[in-house]
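Residue-level structural notes
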Amino acid sequence: IEEYIVASAGTNCWYENLLHQSYSSCQGQVSDFSDHIVLYFAQILPIPLTEILHCIVEPFWKSKTNSNSSSSTGPSSSSPFRMAVAIPLMLLSGLLYLYIATFIGAYKTATYFHTPPEIINGY
């Protein structure tokens, strides 16, 4: 069925007139850019965001039991304020880094066919 619907691209470059003058002839023809955008926004971003939101709603770093023993060692013996601030800060910093890297990757993918103002407007 696909053979009747999708025409073979062959050796012609269907988007040659859309490329900027600074690009070589049919630059990026071997890449499927739409797959990269789907990967960036549908797979890379939502999963870590969901995990971190779950960690904020149900923090794993807080002790579930109220142990009054002062001789205990481990995460419950450190300052609860430091743990309550440091761990979410590390998680959010990692998420911010991932989002920045993903947006840069999506930007670089989109620059094959669009100008920077068009891409920023698309965000």
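An account of the accompanying structure is given in this report. (Residues numbered from 1 in each chain as written. Predicted model: local features only at pLDDT ≥ 70, side-chain atom pairs only at ≥ 80, totals over all residues. Heavy atoms only, no water.)

Examining the packing of helix H3 (residues 46-57) against helix H4 (residues 80-110)
Note the threshold: Think of each axis as a best-fit line through the C-alpha atoms, taken over the contacting stretch in the case of a helix, with angles from 0 to 180 degrees between the N-to-C directions. Every helix listed is a DSSP run of H or I at least four residues long, and every strand listed is a run of E at least two residues long, numbered separately from the N terminus. Angular relationships are summarised with four words: roughly parallel below 35 degrees, roughly antiparallel beyond 145, roughly perpendicular across 65 to 115, and oblique for the angles in between. It is the rotation of the near helix from the far one that decides the hand of a crossing: anticlockwise by less than a right angle makes it left-handed, clockwise makes it right-handed. It only takes one pair of heavy atoms within 4.5 Å for two residues to be counted as in contact. Following the grouping adopted for this structure description, the nonpolar residues are Ala, Val, Leu, Ile, Met, Phe, Trp, Tyr, Cys and Pro, the charged ones are Asp, Glu, Lys and Arg, and the polar ones are all others, Gly among them.
With their axes 11 Å apart at the nearest point, H3 and H4 run at an angle of 165° to one another. The angle between H3 and H4 places the two elements in the roughly antiparallel class. For the pair H3 and H4, the sense of crossing is left-handed. Contacts from Pro48, Leu49, Ile52, Cys55 and Ile56 of H3 reach H4 at Leu91, Leu92, Leu95, Leu98 and Tyr99. Residues that form the contact of H3 with H4 fall into these classes: ten nonpolar, no polar and no charged.

Considering a nonpolar patch on the surface
Rule in force here: Patches draw on residues past 30% relative accessible area with no salt bridge. Two like charges within 9 Å are joined, as are two nonpolar side chains (Val, Leu, Ile, Met, Phe, Trp, Tyr) within 5 Å. Using the Shrake-Rupley algorithm and a 1.4 Å probe, accessible areas are obtained, with residue cover drawn only from the displayed protein chains. What counts as a salt bridge is simple: a side-chain nitrogen of Lys or Arg found within 4 Å of a carboxyl oxygen of Asp or Glu. The buried label applies to any residue whose accessible area, calculated with a 1.4 Å probe on protein chains only, is under 20% of its type's maximum; exposed applies above 50%, and partly exposed to all values in between.
Among the surface-exposed residues, Leu49, Leu53, Ile56 and Leu92 lie close enough to one another that they form a single nonpolar patch of about 320 Å² accessible area. For the nonpolar patch, the element with the highest residue contribution is H3, accounting for three residues. For Leu49, the location among the structural elements is in helix H3. Given the relative accessible area of 32%, Leu49 is considered partly exposed.

Observations concerning the packing of aromatic side chains
As a reminder, the rule being used: A pair of aromatic rings is counted whenever rings of Phe, Tyr or Trp (Trp by its six-membered ring) have centres within 6.5 Å, and the orientation is called stacked for planes under 30 degrees apart, edge-to-face for over 60 and tilted otherwise.
On inspection of all chains with the given rule, the structure shows three aromatic pairs. Taking 5.8 Å as the distance between ring centres and 45° as the angle between the ring planes, the aromatic pair formed by Phe41 and Phe103 counts as tilted. Here Phe41, found in helix H2 (residues 33-44), pairs with Phe103, found in helix H4; they are 62 residues apart in sequence, far enough to count as distant. A relative accessible area of 31% means that Phe41 is categorised as partly exposed. Exposure remark for Phe103: the relative accessible area of 34% places this residue in the partly exposed category. Relative to Phe103, the ring of Tyr99 has its centre 6.1 Å away and its plane inclined at 75°; by these criteria the two rings are edge-to-face. Linking Tyr99 with Phe103, this pair stays in helix H4, spanning four residues, or about one helical turn. With a relative accessible area of 22%, Tyr99 lands in the partly exposed category.

Looking at the side chain of Thr102
Looking at where Thr102 falls in the secondary structure, it is placed in helix H4. The class for Thr102 is buried, based on a relative accessible area of 3%.

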